[in-house]
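Single-letter residue listing:
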Amino acid sequence: MISPTLAATAYDRARHAVAPAEGLPQSVTNAAADFARVMEQVDLAATGAMTGKTDTHDLVHSIAQAEIALETVVAIRDKVVEAYQEILRMPV
């Protein structure tokens, strides 16, 4: 069984995965920072809802924004992978 402490520790270690990387073009870095900010907001709203400090409506709104952001990131990732595969199919 997973304890809440173990889950929180694993989550904290995985948070760096949404942080922007170094050496990318400014627009990509800005987009990654915006995505990380949206995920941080939903995290704060969820924590606030669990402790009773945030309204449920705010939590639902944050989750909806996070869902849109995640769908956008996945669509961009799919396009990048598709372009990469197209480059691999090009004759040399």
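Residues numbered from 1 in each chain as written. Predicted model: local features only at pLDDT ≥ 70, side-chain atom pairs only at ≥ 80, totals over all residues. Heavy atoms only, no water.

**Describing the overall build of the protein**
A count of helical and extended segments in the protein gives three helices and zero strands. Secondary structure of the protein in N-to-C order comes out as α-α-α. With the C-alpha coordinates of the protein rotated into their principal frame, the extents come out at 60 × 30 × 25 Å. Among the 92 residues that make up the protein, the fraction classed as buried is 11%. For the protein, the exposed area adds up to about 7,500 Å²; of that, 64% sits on carbon and sulfur atoms. Taking the 7 positively charged and 12 negatively charged side chains of the protein as two groups, their mean positions are separated by 5 Å. (Helix = DSSP H or I, 4+ residues; strand = E, 2+ residues; numbered from the N terminus. Buried < 20%, exposed > 50% of the residue type's maximum accessible area, 1.4 Å probe, protein only. Areas by Shrake-Rupley, 256 points an atom, 1.4 Å probe, with all protein chains shown as cover. Lys, Arg positive; Asp, Glu negative; His and termini not counted. Charge placed at Lys NZ, Arg CZ, Asp CG, Glu CD.)

**Side note on the packing of helix α2 (residues 26-51) against helix α3 (residues 56-89)**
Contact geometry of α2 with α3 gives a least axis separation of 9 Å together with a crossing angle of 150°. Put simply, α2 runs roughly antiparallel to α3. Regarding α2 and α3, the two cross each other, and that crossing is left-handed. Across from Phe35, Val38, Met39, Gln41, Val42, Ala45, Ala46 and Ala49 in α2, the residues of α3 making contact are Asp58, Leu59, Ser62, Ile63, Gln65, Ala66, Ala69, Leu70 and Val73. Tallied by class, residues from the contact of α2 with α3 come to 13 nonpolar, three polar and one charged. (Axes fitted to C-alpha atoms, helices over the stretch in contact; angles between N-to-C directions. Parallel < 35°, antiparallel > 145°, perpendicular 65-115°, else oblique. Left-handed = near helix turned anticlockwise from the far one by under 90°. Contact = heavy atoms within 4.5 Å. Nonpolar A, V, L, I, M, F, W, Y, C, P; charged D, E, K, R; others polar.)

**Focus: the confidence of the model for the protein**
Should the pLDDT be low somewhere, the predicted coordinates at that spot are not to be read in detail. When pLDDT is averaged across the protein, the result is 85; 93% of the residues are at 70 or more. Mean pLDDT per element in the protein: helix α1 (residues 4-14) is the minimum at 76, and α3 is the maximum at 93. (pLDDT = per-residue confidence, 0-100.)

**Section: the pattern of salt bridges**
Taken as a whole and judged by the stated rule, the model has three salt bridges. Put simply, Asp34 and Arg37 hold a salt bridge, and the shortest N to O gap is 2.8 Å. Of the two residues, Asp34 and Arg37 are both situated in helix α2; the distance of three residues between them amounts to about one turn of the helix. Using a relative accessible area of 49% as the deciding quantity, one classes Arg37 as partly exposed. The residue Asp78 makes a salt bridge to Arg77 at a minimum N-O spacing of 2.7 Å. Taking relative accessible area as the criterion, Asp78 reaches 39% and is therefore assigned partly exposed. (Salt bridge = Lys/Arg side-chain N within 4 Å of Asp/Glu carboxyl O.)

**Points about α3**
An ideal rise of 1.5 Å per residue puts 50 Å on 34 residues; α3 measures up with 49 Å between its terminal C-alpha atoms. Residues of α3 that are buried in the fold lie against α2. (Expected span 1.5 Å × (residues − 1).)

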